[in-house]
Amino acid sequence: MKNNNNNDAFTNALEQLREVQELIHIDKNIFAQLQSPQKVLEVSIPVKMDNGQVQVFVGYRSQFNDARGPFKGGIRFHPDVNISEVKALSAWMTWKTAVVGIPLGGGKGGIIVDPKKLSENELEKLSRGYVQAIYKFIGPSLDIPAPDVYTDPKIMGWMMDEYEKIAGVHVPGMITGKPLSIGGSETRGYSTAQGAFYVIREAAKKMGLEKNATVAIEGFGNAGSFLAEILQKNGYRIVALSDSKGVIVNYMGLDVDEVKKHKDATGSVVGYAGAEKIKTLNIIAQEVDIFIPSALENSITKENVKNLKAKMIVEVANGPTTPEADAILAKRNVMVVPDILANAGGVVVSYLEQVQNSYGYYWSEQEVLAKLENIMVESFANVWEEKMRHSTTMRMGAYALAVKRVAQAMKDRGRG
Ligand code: GLU
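Ordered by their spatial adjacency, 6 strands build an open sheet running β9-β8-β7-β10-β11-β12, and the pairing between neighbours is mixed. Unpaired on one side and paired on the other, β9 (246-249) and β12 (335-337) mark the two borders of the sheet. Put simply, the sheet's adjacent strands are angled 15° from each other on average, direction ignored. Pairing geometry for strand β7 (residues 214-218) and strand β10 (residues 290-293), over 4 bridges, is parallel. Opposite Glu218, over in β10, you have Pro293 as the bridge partner. Strand contacts of helix α7 (residues 222-233): β7, β8 (237-243) and β10, with the helix running at about 170° to β7, the strand carrying the most contacts.

Here is the structure:
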(Lines give C-alpha, C1' and ligand atoms only; values in the text may rest on other atoms or scores of the structure.)
Protein backbone atom coordinates (compact mmCIF):
# COMPACT_ATOMS: atom_id res chain seq x y z
CA MET A 1 0.00 0.00 0.00
CA LYS A 2 1.30 3.43 -0.95
CA ASN A 3 2.09 5.86 1.85
CA ASN A 4 -0.65 8.46 1.78
CA ASN A 5 -0.37 10.27 5.08
CA ASN A 6 -2.40 13.28 4.07
CA ASN A 7 -5.21 11.04 2.83
CA ASP A 8 -5.31 12.38 -0.70
CA ALA A 9 -8.72 11.31 -1.99
CA PHE A 10 -7.77 10.24 -5.50
CA THR A 11 -4.76 8.26 -4.23
CA ASN A 12 -7.18 6.41 -1.94
CA ALA A 13 -9.59 5.78 -4.83
CA LEU A 14 -6.76 4.28 -6.91
CA GLU A 15 -5.63 2.15 -3.97
CA GLN A 16 -9.12 0.61 -3.77
CA LEU A 17 -8.97 -0.12 -7.48
CA ARG A 18 -5.52 -1.69 -7.15
CA GLU A 19 -6.82 -3.96 -4.35
CA VAL A 20 -9.77 -5.20 -6.37
CA GLN A 21 -7.57 -5.86 -9.38
CA GLU A 22 -5.67 -8.41 -7.26
CA LEU A 23 -8.96 -10.29 -6.91
CA ILE A 24 -10.49 -10.03 -10.36
CA HIS A 25 -7.57 -9.48 -12.76
CA ILE A 26 -9.36 -7.49 -15.45
CA ASP A 27 -7.61 -6.92 -18.79
CA LYS A 28 -4.47 -4.79 -18.30
CA ASN A 29 -5.34 -2.44 -21.16
CA ILE A 30 -8.68 -1.68 -19.58
CA PHE A 31 -7.23 -1.37 -16.08
CA ALA A 32 -4.74 1.20 -17.40
CA GLN A 33 -7.62 3.36 -18.64
CA LEU A 34 -9.27 3.32 -15.21
CA GLN A 35 -6.31 5.11 -13.59
CA SER A 36 -7.56 8.58 -14.56
CA PRO A 37 -10.78 10.35 -15.56
CA GLN A 38 -11.63 10.54 -19.26
CA LYS A 39 -11.88 14.32 -18.97
CA VAL A 40 -11.44 16.98 -16.27
CA LEU A 41 -12.60 20.57 -16.63
CA GLU A 42 -11.45 23.50 -14.54
CA VAL A 43 -13.37 26.73 -14.96
CA SER A 44 -13.36 30.18 -13.38
CA ILE A 45 -16.70 31.70 -12.58
CA PRO A 46 -16.75 35.48 -12.09
CA VAL A 47 -19.60 36.65 -9.87
CA LYS A 48 -20.49 40.27 -9.22
CA MET A 49 -21.09 40.17 -5.47
CA ASP A 50 -23.72 42.26 -3.67
CA ASN A 51 -21.06 44.86 -2.81
CA GLY A 52 -20.36 45.47 -6.51
CA GLN A 53 -16.99 43.68 -6.55
CA VAL A 54 -16.28 40.74 -8.83
CA GLN A 55 -15.15 37.57 -7.08
CA VAL A 56 -13.76 34.74 -9.20
CA PHE A 57 -14.66 31.21 -8.06
CA VAL A 58 -12.96 28.02 -9.25
CA GLY A 59 -15.15 25.11 -10.35
CA TYR A 60 -14.44 21.60 -11.60
CA ARG A 61 -16.19 18.78 -13.42
CA SER A 62 -14.52 15.40 -13.62
CA GLN A 63 -15.89 12.87 -16.11
CA PHE A 64 -14.43 9.57 -15.01
CA ASN A 65 -15.99 6.93 -17.23
CA ASP A 66 -18.97 6.75 -19.59
CA ALA A 67 -18.72 3.17 -20.89
CA ARG A 68 -22.02 2.16 -19.25
CA GLY A 69 -23.89 5.40 -20.00
CA PRO A 70 -23.65 9.19 -19.67
CA PHE A 71 -21.48 10.58 -16.86
CA LYS A 72 -23.54 11.06 -13.70
CA GLY A 73 -22.87 12.69 -10.37
CA GLY A 74 -23.51 15.60 -8.06
CA ILE A 75 -22.01 19.06 -7.65
CA ARG A 76 -20.44 19.95 -4.32
CA PHE A 77 -20.19 23.52 -2.97
CA HIS A 78 -17.58 23.46 -0.21
CA PRO A 79 -14.48 25.47 0.78
CA ASP A 80 -12.34 22.28 0.78
CA VAL A 81 -13.26 21.18 -2.77
CA ASN A 82 -10.11 20.32 -4.73
CA ILE A 83 -9.25 18.55 -7.95
CA SER A 84 -8.16 15.31 -6.29
CA GLU A 85 -11.41 15.10 -4.34
CA VAL A 86 -13.56 15.74 -7.42
CA LYS A 87 -11.65 13.09 -9.38
CA ALA A 88 -12.06 10.55 -6.56
CA LEU A 89 -15.76 11.31 -6.24
CA SER A 90 -16.17 10.84 -10.00
CA ALA A 91 -14.48 7.42 -9.82
CA TRP A 92 -16.71 6.41 -6.90
CA MET A 93 -19.78 7.49 -8.92
CA THR A 94 -18.64 5.19 -11.74
CA TRP A 95 -18.51 2.20 -9.38
CA LYS A 96 -21.76 3.25 -7.69
CA THR A 97 -23.89 3.35 -10.84
CA ALA A 98 -22.33 0.03 -11.89
CA VAL A 99 -22.92 -1.73 -8.58
CA VAL A 100 -26.64 -0.91 -8.65
CA GLY A 101 -26.82 -1.71 -12.36
CA ILE A 102 -28.27 1.56 -13.68
CA PRO A 103 -27.23 2.56 -17.23
CA LEU A 104 -25.03 5.52 -16.29
CA GLY A 105 -21.34 6.28 -15.91
CA GLY A 106 -19.63 8.42 -13.28
CA GLY A 107 -18.78 12.10 -12.97
CA LYS A 108 -18.62 14.77 -10.28
CA GLY A 109 -18.44 18.52 -9.98
CA GLY A 110 -17.45 21.01 -7.34
CA ILE A 111 -16.95 24.68 -6.65
CA ILE A 112 -14.53 26.02 -4.04
CA VAL A 113 -16.89 28.16 -1.98
CA ASP A 114 -18.42 28.43 1.46
CA PRO A 115 -22.05 28.80 0.39
CA LYS A 116 -23.06 29.80 3.92
CA LYS A 117 -21.19 33.07 3.37
CA LEU A 118 -23.05 33.97 0.14
CA SER A 119 -26.36 35.80 -0.16
CA GLU A 120 -29.14 34.03 -2.08
CA ASN A 121 -28.56 36.38 -5.01
CA GLU A 122 -24.81 35.58 -5.09
CA LEU A 123 -25.49 31.85 -4.83
CA GLU A 124 -27.88 32.01 -7.77
CA LYS A 125 -25.34 33.91 -9.91
CA LEU A 126 -22.65 31.36 -9.01
CA SER A 127 -24.91 28.41 -9.89
CA ARG A 128 -25.90 29.94 -13.23
CA GLY A 129 -22.28 30.92 -13.94
CA TYR A 130 -21.15 27.32 -13.41
CA VAL A 131 -23.68 26.08 -15.99
CA GLN A 132 -22.57 28.75 -18.47
CA ALA A 133 -18.97 27.61 -18.02
CA ILE A 134 -19.59 23.87 -18.51
CA TYR A 135 -22.65 24.05 -20.79
CA LYS A 136 -21.04 22.26 -23.73
CA PHE A 137 -19.90 19.35 -21.61
CA ILE A 138 -23.21 18.46 -19.91
CA GLY A 139 -26.61 17.31 -21.15
CA PRO A 140 -29.15 14.50 -20.67
CA SER A 141 -27.22 12.03 -22.76
CA LEU A 142 -23.75 13.37 -21.98
CA ASP A 143 -23.28 14.27 -18.31
CA ILE A 144 -26.06 14.79 -15.76
CA PRO A 145 -25.33 16.74 -12.55
CA ALA A 146 -27.29 16.46 -9.27
CA PRO A 147 -27.10 17.71 -5.68
CA ASP A 148 -24.25 16.83 -3.31
CA VAL A 149 -22.82 18.44 -0.15
CA TYR A 150 -24.35 21.95 0.31
CA THR A 151 -26.30 21.93 -2.96
CA ASP A 152 -30.06 21.39 -3.08
CA PRO A 153 -33.19 21.34 -5.30
CA LYS A 154 -33.33 25.12 -5.47
CA ILE A 155 -29.82 25.24 -6.97
CA MET A 156 -30.76 22.42 -9.39
CA GLY A 157 -33.76 24.53 -10.49
CA TRP A 158 -31.54 27.54 -11.24
CA MET A 159 -29.08 25.34 -13.12
CA MET A 160 -31.80 23.74 -15.24
CA ASP A 161 -33.28 27.15 -16.01
CA GLU A 162 -29.88 28.49 -17.11
CA TYR A 163 -29.24 25.44 -19.29
CA GLU A 164 -32.66 25.73 -20.93
CA LYS A 165 -32.21 29.45 -21.56
CA ILE A 166 -29.03 28.72 -23.50
CA ALA A 167 -30.50 25.64 -25.26
CA GLY A 168 -33.79 27.41 -26.05
CA VAL A 169 -35.81 24.25 -25.33
CA HIS A 170 -36.98 22.24 -22.33
CA VAL A 171 -34.40 19.66 -21.21
CA PRO A 172 -35.47 18.56 -17.70
CA GLY A 173 -33.33 15.40 -17.88
CA MET A 174 -30.11 17.45 -17.98
CA ILE A 175 -30.01 17.56 -14.17
CA THR A 176 -31.63 15.60 -11.32
CA GLY A 177 -32.71 16.40 -7.79
CA LYS A 178 -34.94 19.18 -9.14
CA PRO A 179 -37.94 20.61 -7.28
CA LEU A 180 -41.14 18.58 -7.87
CA SER A 181 -42.84 21.48 -9.69
CA ILE A 182 -40.30 21.40 -12.54
CA GLY A 183 -39.71 17.72 -13.20
CA GLY A 184 -38.27 16.41 -9.94
CA SER A 185 -39.15 12.93 -8.69
CA GLU A 186 -41.12 11.92 -5.63
CA THR A 187 -38.76 10.67 -2.86
CA ARG A 188 -35.59 12.21 -4.36
CA GLY A 189 -35.31 14.56 -1.37
CA TYR A 190 -34.80 11.64 1.03
CA SER A 191 -33.79 8.86 -1.36
CA THR A 192 -30.15 8.57 -0.24
CA ALA A 193 -31.36 7.95 3.32
CA GLN A 194 -34.17 5.64 2.22
CA GLY A 195 -31.76 3.58 0.12
CA ALA A 196 -29.34 3.39 3.05
CA PHE A 197 -32.19 2.19 5.26
CA TYR A 198 -32.98 -0.74 2.93
CA VAL A 199 -29.30 -1.68 2.91
CA ILE A 200 -29.03 -1.43 6.71
CA ARG A 201 -32.09 -3.64 7.06
CA GLU A 202 -30.50 -6.31 4.84
CA ALA A 203 -27.10 -6.03 6.54
CA ALA A 204 -28.68 -6.24 10.01
CA LYS A 205 -30.32 -9.53 9.00
CA LYS A 206 -26.92 -10.95 8.01
CA MET A 207 -25.38 -9.76 11.27
CA GLY A 208 -28.27 -10.94 13.43
CA LEU A 209 -28.66 -7.41 14.83
CA GLU A 210 -31.84 -6.74 16.81
CA LYS A 211 -34.38 -4.23 15.56
CA ASN A 212 -33.68 -1.87 18.46
CA ALA A 213 -29.96 -1.68 17.63
CA THR A 214 -28.17 1.49 18.73
CA VAL A 215 -26.88 3.96 16.15
CA ALA A 216 -24.48 6.93 15.96
CA ILE A 217 -24.61 9.17 12.88
CA GLU A 218 -21.82 11.57 11.97
CA GLY A 219 -23.22 14.47 9.92
CA PHE A 220 -26.73 15.91 10.02
CA GLY A 221 -27.12 17.08 6.43
CA ASN A 222 -29.62 15.82 3.88
CA ALA A 223 -28.65 12.14 4.13
CA GLY A 224 -27.83 11.97 7.86
CA SER A 225 -30.90 13.80 9.13
CA PHE A 226 -33.42 11.86 7.01
CA LEU A 227 -31.70 8.59 7.86
CA ALA A 228 -31.87 9.34 11.60
CA GLU A 229 -35.60 9.95 11.23
CA ILE A 230 -36.25 6.80 9.16
CA LEU A 231 -34.21 4.57 11.48
CA GLN A 232 -35.95 5.93 14.57
CA LYS A 233 -39.39 5.30 13.01
CA ASN A 234 -38.28 1.72 12.39
CA GLY A 235 -37.31 1.01 15.98
CA TYR A 236 -33.57 1.75 15.97
CA ARG A 237 -32.24 3.81 18.90
CA ILE A 238 -30.34 6.93 17.79
CA VAL A 239 -27.89 7.63 20.60
CA ALA A 240 -25.40 10.03 19.04
CA LEU A 241 -25.58 12.68 16.32
CA SER A 242 -23.12 15.29 15.15
CA ASP A 243 -22.57 18.12 12.70
CA SER A 244 -19.62 20.34 11.84
CA LYS A 245 -20.05 22.17 15.18
CA GLY A 246 -20.04 19.17 17.55
CA VAL A 247 -21.61 16.00 18.94
CA ILE A 248 -24.70 15.22 21.04
CA VAL A 249 -25.27 11.94 22.90
CA ASN A 250 -28.11 10.34 24.83
CA TYR A 251 -27.97 6.61 25.50
CA MET A 252 -31.70 6.55 26.29
CA GLY A 253 -32.22 7.70 22.69
CA LEU A 254 -32.32 11.16 21.10
CA ASP A 255 -35.66 12.43 19.80
CA VAL A 256 -34.71 13.07 16.16
CA ASP A 257 -37.69 15.34 15.40
CA GLU A 258 -36.79 17.55 18.35
CA VAL A 259 -33.10 17.64 17.31
CA LYS A 260 -34.21 18.70 13.82
CA LYS A 261 -36.30 21.53 15.26
CA HIS A 262 -33.33 22.61 17.38
CA LYS A 263 -31.03 22.57 14.32
CA ASP A 264 -33.54 24.56 12.22
CA ALA A 265 -33.79 27.16 14.96
CA THR A 266 -30.09 27.46 15.91
CA GLY A 267 -28.12 26.16 12.91
CA SER A 268 -26.59 23.19 14.79
CA VAL A 269 -27.48 20.03 16.72
CA VAL A 270 -25.17 21.26 19.50
CA GLY A 271 -26.97 22.69 22.51
CA TYR A 272 -29.98 20.38 22.12
CA ALA A 273 -31.54 20.19 25.60
CA GLY A 274 -32.28 16.44 25.52
CA ALA A 275 -28.62 15.39 25.29
CA GLU A 276 -26.44 14.13 28.14
CA LYS A 277 -23.59 16.27 29.33
CA ILE A 278 -20.64 13.96 28.81
CA LYS A 279 -16.97 14.64 28.37
CA THR A 280 -15.88 12.47 25.46
CA LEU A 281 -17.79 14.05 22.67
CA ASN A 282 -16.15 11.91 20.04
CA ILE A 283 -18.75 10.36 17.79
CA ILE A 284 -16.51 7.54 16.54
CA ALA A 285 -15.84 6.37 20.09
CA GLN A 286 -19.48 5.87 21.10
CA GLU A 287 -20.60 2.40 22.28
CA VAL A 288 -23.09 1.60 19.52
CA ASP A 289 -24.02 -1.29 17.27
CA ILE A 290 -23.99 0.76 14.05
CA PHE A 291 -21.80 3.75 13.19
CA ILE A 292 -22.87 5.78 10.17
CA PRO A 293 -20.39 8.32 8.79
CA SER A 294 -22.55 10.71 6.80
CA ALA A 295 -20.37 13.77 6.36
CA LEU A 296 -17.18 14.02 4.28
CA GLU A 297 -14.17 11.85 3.31
CA ASN A 298 -11.55 10.52 5.71
CA SER A 299 -13.50 10.41 8.94
CA ILE A 300 -12.24 6.91 9.85
CA THR A 301 -8.44 6.91 9.65
CA LYS A 302 -5.59 4.69 10.84
CA GLU A 303 -5.19 7.07 13.80
CA ASN A 304 -8.75 6.99 15.16
CA VAL A 305 -9.95 3.54 14.03
CA LYS A 306 -8.83 1.99 17.31
CA ASN A 307 -11.50 4.02 19.16
CA LEU A 308 -14.30 2.67 17.02
CA LYS A 309 -16.57 0.26 18.90
CA ALA A 310 -19.42 -0.38 16.46
CA LYS A 311 -20.05 -3.85 15.01
CA MET A 312 -21.16 -2.43 11.71
CA ILE A 313 -20.25 0.68 9.72
CA VAL A 314 -22.53 1.99 7.02
CA GLU A 315 -20.84 4.53 4.75
CA VAL A 316 -23.47 7.07 3.83
CA ALA A 317 -20.75 9.65 3.11
CA ASN A 318 -18.54 9.10 0.07
CA GLY A 319 -15.06 7.84 0.96
CA PRO A 320 -15.28 8.13 4.77
CA THR A 321 -12.84 5.26 5.48
CA THR A 322 -9.20 5.43 4.39
CA PRO A 323 -7.73 2.23 2.90
CA GLU A 324 -5.41 1.82 5.93
CA ALA A 325 -8.34 2.03 8.37
CA ASP A 326 -10.30 -0.30 6.11
CA ALA A 327 -7.60 -2.96 6.33
CA ILE A 328 -7.64 -2.74 10.15
CA LEU A 329 -11.45 -3.06 10.25
CA ALA A 330 -11.31 -6.08 7.95
CA LYS A 331 -8.85 -7.77 10.33
CA ARG A 332 -11.14 -6.98 13.26
CA ASN A 333 -14.09 -8.47 11.33
CA VAL A 334 -16.13 -5.27 11.56
CA MET A 335 -18.68 -5.24 8.78
CA VAL A 336 -18.28 -2.18 6.53
CA VAL A 337 -21.14 -1.56 4.13
CA PRO A 338 -19.32 0.44 1.45
CA ASP A 339 -20.37 3.89 0.21
CA ILE A 340 -20.87 2.77 -3.40
CA LEU A 341 -23.71 0.54 -2.18
CA ALA A 342 -24.87 2.24 1.04
CA ASN A 343 -25.48 5.70 -0.43
CA ALA A 344 -26.55 4.69 -3.94
CA GLY A 345 -30.24 5.43 -3.24
CA GLY A 346 -29.67 9.04 -4.27
CA VAL A 347 -28.41 8.28 -7.74
CA VAL A 348 -30.93 5.45 -8.18
CA VAL A 349 -33.78 7.91 -7.78
CA SER A 350 -31.88 10.42 -9.94
CA TYR A 351 -31.98 7.76 -12.64
CA LEU A 352 -35.71 7.20 -12.03
CA GLU A 353 -36.17 10.98 -12.24
CA GLN A 354 -34.49 11.04 -15.66
CA VAL A 355 -36.62 8.15 -16.86
CA GLN A 356 -39.76 10.06 -15.81
CA ASN A 357 -38.43 13.18 -17.54
CA SER A 358 -37.97 11.36 -20.81
CA TYR A 359 -41.37 9.67 -20.51
CA GLY A 360 -43.02 12.96 -19.57
CA TYR A 361 -44.99 10.74 -17.20
CA TYR A 362 -44.60 10.81 -13.43
CA TRP A 363 -44.91 8.09 -10.78
CA SER A 364 -46.40 8.29 -7.30
CA GLU A 365 -44.25 8.22 -4.16
CA GLN A 366 -45.24 4.58 -3.57
CA GLU A 367 -44.23 3.59 -7.09
CA VAL A 368 -40.82 5.22 -6.82
CA LEU A 369 -40.25 3.71 -3.37
CA ALA A 370 -41.08 0.22 -4.64
CA LYS A 371 -38.59 0.58 -7.51
CA LEU A 372 -35.89 1.94 -5.19
CA GLU A 373 -36.42 -0.87 -2.69
CA ASN A 374 -36.18 -3.53 -5.42
CA ILE A 375 -32.93 -2.13 -6.77
CA MET A 376 -31.31 -1.70 -3.34
CA VAL A 377 -32.31 -5.13 -2.03
CA GLU A 378 -31.17 -6.86 -5.20
CA SER A 379 -27.89 -4.92 -5.27
CA PHE A 380 -27.21 -5.85 -1.65
CA ALA A 381 -27.79 -9.53 -2.49
CA ASN A 382 -25.48 -9.30 -5.53
CA VAL A 383 -22.71 -7.67 -3.49
CA TRP A 384 -23.10 -10.27 -0.75
CA GLU A 385 -22.83 -13.09 -3.28
CA GLU A 386 -19.68 -11.55 -4.77
CA LYS A 387 -18.18 -11.06 -1.29
CA MET A 388 -18.80 -14.74 -0.50
CA ARG A 389 -17.46 -15.91 -3.86
CA HIS A 390 -14.14 -14.13 -3.29
CA SER A 391 -14.13 -14.64 0.53
CA THR A 392 -13.53 -10.94 0.93
CA THR A 393 -14.99 -7.77 2.47
CA MET A 394 -18.24 -6.19 1.36
CA ARG A 395 -16.24 -3.31 -0.14
CA MET A 396 -14.21 -5.63 -2.31
CA GLY A 397 -17.35 -7.60 -3.19
CA ALA A 398 -19.00 -4.37 -4.37
CA TYR A 399 -15.87 -3.25 -6.23
CA ALA A 400 -15.48 -6.64 -7.90
CA LEU A 401 -19.03 -6.47 -9.20
CA ALA A 402 -18.77 -2.82 -10.30
CA VAL A 403 -15.35 -2.89 -11.92
CA LYS A 404 -16.18 -6.08 -13.85
CA ARG A 405 -19.33 -4.44 -15.20
CA VAL A 406 -17.46 -1.31 -16.30
CA ALA A 407 -14.66 -3.41 -17.82
CA GLN A 408 -17.20 -5.52 -19.73
CA ALA A 409 -18.83 -2.38 -21.18
CA MET A 410 -15.43 -1.02 -22.22
CA LYS A 411 -14.54 -4.33 -23.84
CA ASP A 412 -17.87 -4.50 -25.69
CA ARG A 413 -17.21 -1.00 -27.05
CA GLY A 414 -13.83 -2.12 -28.29
CA ARG A 415 -12.03 0.18 -25.87
CA GLY A 416 -9.75 -2.62 -24.64
N1 GLU B 1 -24.35 13.29 -4.89
C2 GLU B 1 -24.99 12.02 -4.78
C3 GLU B 1 -23.96 10.91 -4.69
O4 GLU B 1 -22.83 11.12 -4.30
C5 GLU B 1 -26.05 11.79 -5.84
C6 GLU B 1 -25.56 11.81 -7.26
C7 GLU B 1 -26.66 11.79 -8.32
O8 GLU B 1 -27.83 11.70 -7.96
O9 GLU B 1 -26.29 11.86 -9.48
O10 GLU B 1 -24.25 9.77 -4.94
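Lining the immediate surroundings of the ligand are 14 residues, of which Lys72, Lys96, Pro147, Asp148 and Ser350 lie closest. Pro147 is positioned with one of its backbone polar atoms (N or O) 2.9 Å from a nitrogen atom of the ligand. Take Arg188: an N or O atom from its side chain is 3.0 Å from an oxygen atom of the ligand. Burial of the ligand by the protein chains amounts to 95% of its free accessible area of 300 Å². Looking at the shell around the ligand, the elements with two or more residues in it are α3 (83-99) and α11 (345-359). It is α11 that provides the largest number of residues to the shell around the ligand, a total of 3 residues.

When you line up the elements, Lys178 lands in the loop between α5 (153-167) and α6 (191-207). A polar atom in the side chain of Lys178 sits 2.8 Å from the backbone oxygen of Pro172. A polar contact is formed between the side chain of Lys178 and the side chain of Glu353, at a distance of 2.7 Å. Discounting chain neighbours no more than four positions away, the residues touching Lys178 are Pro153, Met156, Met160, Pro172, Gly183, Gly184, Glu353 and Asn357.

The rules behind each value
Residues numbered from 1 in each chain as written. Predicted model: local features only at pLDDT ≥ 70, side-chain atom pairs only at ≥ 80, totals over all residues. Heavy atoms only, no water. Pairing = 2+ DSSP bridges. Helix = DSSP H or I, 4+ residues; strand = E, 2+ residues; numbered from the N terminus. Axes fitted to C-alpha atoms, helices over the stretch in contact; angles between N-to-C directions. Contact = heavy atoms within 4.5 Å. Near = heavy atom within 4 Å. Polar contact = N/O pair within 3.5 Å; in protein donor to acceptor, adjacent residues only side chain to side chain. Areas by Shrake-Rupley, 256 points an atom, 1.4 Å probe, with all protein chains shown as cover.

Any functional reading would require information beyond the geometric quantities listed.
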